[in-house]
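Commentary on secondary and tertiary structure
So you can see what is in the structure, the chains are spelled out below.
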Amino acid sequence: MATFGNLSDRLAETFKNLRTKGKLSPADVDSTVREIRRALLDADVALEVVKEFTGKVRERALGDEVNRALNPAQQVVQIVNEELVQILGGQQRRLEFAKKPPTVIMLAGLQGAGKTTLAGKLARWLAKENHTPILVAADLQRPNAVNQLQIVGGQAGVPVYAPEPGNGVGNPVRVAKDSIKYAIDKQYDTVIIDTAGRLGVDAEMMKQAADIRKAVDPDEVLFVIDAMIGQDAVATARAFQEGVDFTGVVLTKLDGDARGGAALSVASVTGRPIIFASTGETLDAFEPFYPDRMASRILDLGDILSLIEQAQGAFDEEEARKVAEKFATDSFTLDDFLKQMQQLRNVGSIKKMMSMLPGAGGLKEQLDNFDEKEIVRTEAIIQSMTKAERTNPKLLNGSRRLRIARGSGMTVTDVNQLVQRFEQASKMMKTVAKGGVPNVPGMGPIPGAGFGGGRGKPQAKKKSGSRSGNPAKRAAENAARASGEKPAIAAGSGGGAGFGLGAKAPAGGQNPSPEELEALQRFLR
């Protein structure tokens, strides 16, 4: 995650220096804690939070749990991870819904924090969770705020209650109060109220937000804060806590290239949990906040659970089963390949997914150079083909490839490379589906895998040279092997009857069937 990029790099460098030490002295612990303190301060974490955090880490690092550990460096990383989870809020906190609908959620925060866009993201997320949300335009101060919310609502596929035009016209308290009656009449189970903000904290904004809260008695008041706000995060959060008293925090712009100190300060200072995080500009770039997963990302330990959840939400199990059957029956086409590419694109940013893997910090340069639009270009090439060409790529002669390249805005080389990659992928998956060993280009067969579904244990590779003790005979047999001829078997040298007759099959194996030979020939083509 870009927000914690610098902090992750600093912490990783700090822990790297501990790996060579079999036992940590108080001086080693003090040095490590000092580097952690500097990294957190550089990330704009509040000073009081840094003092409390490093104090706990030092106390535990000097305790018996590290002194008795087999690997002190890993134990210190574990301690830092656990303390990070605590300052991020400890346990994940979910939205609390009203026992009798509608559930009223009020958004509060400074202007520019992203409240209006976040309202659309939250509504879209609730709709996916089988709720029926409605957005309420109670920000009647900012120019075109009502119009912006209507646009966002249209993109999210969620209705907007906007009886007033805004731009300084209308009473936001009355709009918020009337929206509850409207939601009950139209049977919406969740009401999301977008309130006005200011460039800075002022009494007028706080009074208006407090009046709206008093009028609608919301089930949740979410404080929306920009993760790039820096040291001002603590002062702003405290001001809103005193003026409105929010129940939870939503972090926006977590994908920005900033230091991210707000995320590590707000929950600890206010005692209010972070419930959601906005991680991008699109309406789908929104996710529940898990303190333990965020701590793992900061320490470059990965976030496999979030990665799995994203993949499960985008991939269709029934479609995957059909694709597996097509691989097994040799009927996988470019149309199927296109569907797989589109499913991969639906998961979201490939860079973001890769950043959730453990140790992704070491691949930062490769991730930065990865071109997300490669999938779009591949789709353009396949969509420029006819139905027959997608079904049977062997039809793609030179003139057809030139036509496809012009139709997709690509080059003939790009088309050739796509067809080549498709054939390689198809051949590999076909081999796997039949229980064979995939031959990865540039790597050869995967080590440790057995051909034919792995029957029996893999046999040790025998030496190819002659093992005869007679020098003349050994030279003759080696020459025969080199010329491709089968060396004559001397009497008594083979396993079985005398003169090499009736020799048994090699131990641990069987003679291949005609079907296996045919599969092997297709695999070697």
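For the structure, check the block above.
The sections below set out a description of the structure shown in this document. Source: prediction; values computed, not measured.

1. Quick word on the overall build of the protein
- Along the backbone of the protein there are 23 helices and 10 strands.
- Burial status across the protein gives 41% buried among its 525 residues.
- Nonlocal contacts in the protein, meaning residues at least 24 apart in sequence, comprise 70% of its contacts between residues at least 6 apart.
- Approximately 28,400 Å² of the protein is accessible, and the part contributed by carbon and sulfur atoms is 51%.

2. Regarding the sheet that holds strand 6 (residues 248–252)
- Across the sheet, eight strands lie side by side as 3-2-4-1-5-6-7-8; this open sheet has mixed pairing. The open sheet has two free edges, formed respectively by strand 3 (160–161) and strand 8 (286–288), since each of these has just one partner strand.
- Packing against the sheet, helix 7 (residues 145–156) makes contact with strand 2 (133–137), strand 3 and strand 4 (190–194), and its axis sits at approximately 165° to strand 2.
- Running at roughly 155° to strand 2, helix 8 (residues 172–186) makes contact with strand 1 (103–108), strand 2, strand 3 and strand 4 of the sheet.

3. Topic: the pattern of salt bridges
- Under the counting rule described, the total for this entry stands at 18 salt bridges.
- Note that Asp30 is salt-bridged to Arg58, the shortest N-O span being 2.6 Å. With Asp30 in helix 2 (residues 26–42) and Arg58 in helix 3 (residues 47–61), this residue pair connects regions lying 28 residues apart in the sequence.
- A residue is classified by how much of its surface remains accessible, and Asp30, at 26% relative accessible area, is partly exposed.
- Accessibility expressed as a relative area gives 35% for Arg58, which makes it partly exposed.

4. Describing unusual backbone geometry
- Residue Pro102 is bonded to the preceding Pro101 through a cis peptide linkage, with omega at 5°.
- By the element assignment, Pro102 lies in the loop between helix 5 (72–87) and strand 1.
- Phi at Gln187 is positive, roughly 65°, even though this residue is not glycine.
- Looking at the element boundaries, Gln187 is found in the loop between helix 8 and strand 4.
- A positive phi is found at Asp245, a non-glycine position, where the angle reads about 60°.
- Inspection of the secondary structure puts Asp245 in the loop between helix 10 (232–243) and strand 6.

5. Focus: the side chain of Thr378
- If you trace the backbone, Thr378 turns up in helix 18 (residues 374–383).
- The exposure class of Thr378 is buried, given its relative accessible area of 4%.
- When near neighbours in sequence (up to four residues on either side) are disregarded, Thr378 contacts Phe337, Met341, Leu418 and Arg421.

6. Things to note about helix 7
- Over its 12 residues, helix 7 runs 16 Å from end to end, which matches the ideal 16 Å to within 8%, given 1.5 Å per residue.
- Taken residue by residue, helix 7 has Ala145, Val146, Leu149, Val152, Gly153 and Ala156 as its buried positions. The arc that holds the buried residues of helix 7, viewed along the axis, is 125°, so those residues lie on one side. Facing away from the buried surface of helix 7 by more than 90 degrees, the exposed residues are Gly154 and Gln155.
- The elements touched by buried residues of helix 7 are helix 6 (115–128), strand 2, strand 3 and strand 4.

7. A look at the nonpolar core
- Phe15, Val80, Leu84, Leu122, Ile193, Phe240 and Leu264 are the most contacted members of the largest nonpolar core, which has 96 residues in total.
- A per-element tally of this core places helix 5 first, with eight residues.
- In contact with Leu84, not counting residues within four places along its chain, are Phe53, Leu264, Ala295, Ile298 and Leu299.
- In terms of nonpolar packing, the next biggest core, distinct from the first, is built from 16 residues, Phe337, Ile375, Met385 and Leu396 among them.

8. Overview of empty space enclosed by the protein
- All chains considered together, the criterion is met by one cavity of 30 Å³ or more.
- If you add up the space inside the largest cavity, you get close to 30 Å³.
- Lining of the largest cavity is provided by Val29, Thr32, Val33, Ile36, Val57, Ala61 and Val76.
- Breaking the lining of the largest cavity down by element, the ones donating at least two residues are helix 2 and helix 3.
- Here the element with the most residues in the lining of the largest cavity is helix 2; it accounts for four residues.
- The class makeup of the residues in the lining of the largest cavity is six nonpolar, one polar and no charged.

9. Remarks on the packing of aromatic side chains
- Evaluation of the coordinates by the stated rule reveals seven aromatic pairs.
- With centroids separated by 5.0 Å and ring planes inclined at 70°, the aromatic side chains of Trp125 and Phe276 adopt a geometry described as edge-to-face. Taken together, the residues span a long stretch of sequence, with Trp125 in helix 6 and Phe276 in strand 7 (residues 274–278) at a distance of 151 residues.
- Judged by relative accessible area, which is 22%, Trp125 ranks as partly exposed.
- Note on Phe276: relative accessible area 2%, which makes it buried.
- Plain terms: the ring middles of Tyr161 and Tyr182 are 4.9 Å apart, the flat faces sit at 35° to each other, and that makes the pair tilted. With Tyr161 in strand 3 and Tyr182 in helix 8, this residue pair connects regions lying 21 residues apart in the sequence.
- Take Tyr182: its relative accessible area is 30%, and that puts it in the partly exposed class.
- For the cation-ring pair, Arg293 lies above Tyr290, with the distance from its terminal atom to the ring centre recorded as 3.7 Å.

Conventions used here
Residues numbered from 1 in each chain as written. Predicted model: local features only at pLDDT ≥ 70, side-chain atom pairs only at ≥ 80, totals over all residues. Heavy atoms only, no water. Helix = DSSP H or I, 4+ residues; strand = E, 2+ residues; numbered from the N terminus. Buried < 20%, exposed > 50% of the residue type's maximum accessible area, 1.4 Å probe, protein only. Contact = heavy atoms within 4.5 Å. Areas by Shrake-Rupley, 256 points an atom, 1.4 Å probe, with all protein chains shown as cover. Pairing = 2+ DSSP bridges. Axes fitted to C-alpha atoms, helices over the stretch in contact; angles between N-to-C directions. Salt bridge = Lys/Arg side-chain N within 4 Å of Asp/Glu carboxyl O. Expected span 1.5 Å × (residues − 1). Arc of directions from axis to C-beta. Core = buried A, V, L, I, M, F, W, Y, C linked by side-chain atoms within 4.5 Å. 1 Å grid on protein atoms, 1.4 Å probe; cavity = no way out; pocket = protein on both sides within 12 Å on 5 of 7 lines; lining within 4 Å. Points joined across faces, edges and corners; volume = space filled by probe spheres on them. Nonpolar A, V, L, I, M, F, W, Y, C, P; charged D, E, K, R; others polar. Phe/Tyr/Trp six-rings, centres within 6.5 Å; stacked < 30°, edge-to-face > 60°. Lys NZ or Arg CZ within 6 Å of the ring centre and 35° of its normal.

Don't take any of this as a statement about function, it's just geometry.
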